[in-house]
Amino acid sequence: MQSQEIARRWIEFFTSKDHTAVPSASLVSSDPSLLFTVAGMVPFIPYLTAREEAPYDRAVSVQKCIRTGDIEEVGKTARHGTFFQMCGNFSFGNYFKTEAIGFAWELLTSSISDGGYGLDKNRLWVTVYLDDDEAAALWQQIAGLPAERIQRMGKKDNYWHTGQPGPGGPCSEIYYDRGPAYGPDGGPAVDDVRYIEIWNLVFMQYQLSAVRSKEDFDVAGELPKKNIDTGLGLERLALILQGVENFYETDQVRPVLDAAAAISGKEYTSAETAADPHHTDDVRMRVVADHIRSALMLISDGVTPSNEGRGYVLRRLIRRAVRAMRLLGVERACLPELLPASRDAMKGVYPQVEADFERIARIAYAEEKSFLRTIASGTARMEEAVTESKAAGTSLSGAEAFALHDTYGFPIDLTLEMAEEAGLAVDEAGFRSLMLEQRQRAQADARGKKSGHADLSVFNELLAGGQTIFTGYDELDGESRV
Ligand code: ATP
Ligand code: MG
Ligand code: MG
Ligand code: MG
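Residues numbered from 1 in each chain as written. Chains lettered and ligands numbered in written order. Predicted model: local features only at pLDDT ≥ 70, side-chain atom pairs only at ≥ 80, totals over all residues. Heavy atoms only, no water.

Undergrad: How should I be thinking about the domain arrangement of the protein in this particular structure?
TA: Note on interface size: it is often stated as the accessible area lost on association of the parts. Here the protein is described as being made up of domain 1 (3-241) and domain 2 (252-476). Measuring from the centre of the C-alpha atoms in domain 1 to the corresponding centre in domain 2 gives 30 Å. (Domains from an automatic or database assignment.)

Undergrad: Is there a simple way to explain the site of ligand 1 in this structure?
TA: The environment of ligand 1 is made up of 17 residues, and the closest members are Asp70, Arg79, His80, Glu197 and Arg236. Between an oxygen atom of ligand 1 and a side-chain N or O atom of arginine 79, the distance comes to 2.6 Å. At a separation of 3.3 Å, an oxygen atom of ligand 1 approaches a polar side-chain atom of glutamate 173. Protein burial of ligand 1: of its 590 Å² of free accessible surface, 93% is covered by the chains. Secondary-structure elements contributing two or more residues to the shell around ligand 1 are strand 3 (83-92), strand 8 (195-213) and strand 9 (216-233). (Near = heavy atom within 4 Å. Polar contact = N/O pair within 3.5 Å; in protein donor to acceptor, adjacent residues only side chain to side chain. Areas by Shrake-Rupley, 256 points an atom, 1.4 Å probe, with all protein chains shown as cover. Helix = DSSP H or I, 4+ residues; strand = E, 2+ residues; numbered from the N terminus.)

Undergrad: How should the coordination of the magnesium ion (ligand 2) be read in this particular structure?
TA: Metal coordination angles in their ideal form are 109.5 degrees for the four-donor tetrahedron and 90 or 180 degrees for the six-donor octahedron. The protein atoms that coordinate the magnesium ion (ligand 2) are Glu173 (OE) and Glu197 (OE), at distances spanning 2.0 to 2.1 Å. By relative accessible area, which is 24% here, glutamate 197 ends up partly exposed. (Donors = N, O, S within 2.8 Å, 3.2 Å for Na, K, Ca; no water. Buried < 20%, exposed > 50% of the residue type's maximum accessible area, 1.4 Å probe, protein only.)

Undergrad: Just checking my understanding: could you explain the pattern of salt bridges for this structure?
TA: It is possible for side chains bearing opposite charge to pair when their charged atoms get close. Applying the stated criterion to the full structure yields 33 salt bridges. For the salt bridge of glutamate 421 with arginine 323, the shortest nitrogen-to-oxygen distance reads 3.0 Å. With glutamate 421 in helix 14 (residues 412-421) and arginine 323 in helix 9 (residues 309-327), this residue pair connects regions lying 98 residues apart in the sequence. For glutamate 421, a relative accessible area of 33% corresponds to the partly exposed category. Across the salt bridge formed by aspartate 356 and arginine 359, the nearest N and O atoms sit 2.8 Å from each other. Each of Glu72, Arg316, Arg320, Arg323, Asp413, Glu417 and Glu421 takes part in a single network of salt bridges with overlapping partners. (Salt bridge = Lys/Arg side-chain N within 4 Å of Asp/Glu carboxyl O.)

What follows is the structure, given as structure tokens:
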């Protein structure tokens, strides 16, 4: 089943259950406290937090998302992209756990010919929050799941709140068992490679009076109007329904991966990522496929490369893709071949990437060219520094990393990556303190100039499982001259 069809069925199913279909919002969140839309619920935050009255009781969407906090996972796990689409259904003070669980089970397990996704019931596992006996009982009653396939998890995985006093509540997640070839028995509590998380149901049930941390908060009582917020990863369902090994091999991503393989003359294999997740050509091709798509979608939504905030995220994605192609042995500009492959894979669902392609391509290609110039000018110096440090048996000094940054516009992440490839550590702390000194010297200039850094508390919260978002380099590279 193609991604477009997965999305179509999603909307059709929930509109048949009286949900209002709401088009995807932009990746650039309208919420000023967020860099990007990181989940399907983001456009609905005012309704979910009761700041505004929702214009409908039930809504359904397929939302474009960016999670830069997952950037280091890309290509190494089977399931993380920086851009992905989150299918969501929402209830604003309307239905609650019974219906949310009922809808999820019906849609996942109804046969393909009945409009569902036709998943094998015996491969589905769920988790519920420690004390959420109600949800556990519903999974038994509605889905007929045996008790051993309903696992309990704690606040870290199965509790949602905004990080502020306000709504919060337990989650229940649905996992798909890919089979014993992928890992040990025992369910998602034991293994998240074999048991792949596909859908998170959030039950906004309580009013929290104080929130000290992710796992430390006070519950004041039940919310007068309880909400449902769910998110299913479209690509994760696609990888299951398309019978492929991972996110990057699904229909909207794979063509770019194939283009990267063709350009580099390397043969792509699905080789298991867990065994040797670092620096294999397969990982590089997956990184290229993911990042090129994210860049396409970000530029399409109005982001342009820059040295801070959203623009820096875009810049870093493009640079990482260019770097990955170089590591695959291709030193010339590749975006003119890669970007059209991504456009063609995405235009069926997002016609604007085709209509606006000339502008998107101009921005992306210019960024690649500028980065290739940076690499060309700094690589010789970098190699010299590596050779000298190795001969001296030291790590690459902070002063050297700073000089590379200051003179050649070499971003620290590039220095770190190139040093790591050469088996060399970098005195990052030394680099940072030199950056800080430089920044302090420039402080008079900067005084009065408003900081571009967003409050990321909500963003951090939305990335469950201890993920932190990428904020470091935009600060570090604020003065980078690329
Ligand atoms: P994981 O534990 O696998 O990182 P998560 O718990 O962080 O996922 P949620 O915040 O619960 O994810 O988001 C809801 C759903 O969105 C997930 O169940 C998953 O299907 C999908 N999803 C989340 N992050 C990604 C990603 N980086 N790439 C693709 N799909 C994702
Ligand atoms: Mg989750
Ligand atoms: Mg995650
Ligand atoms: Mg999770």
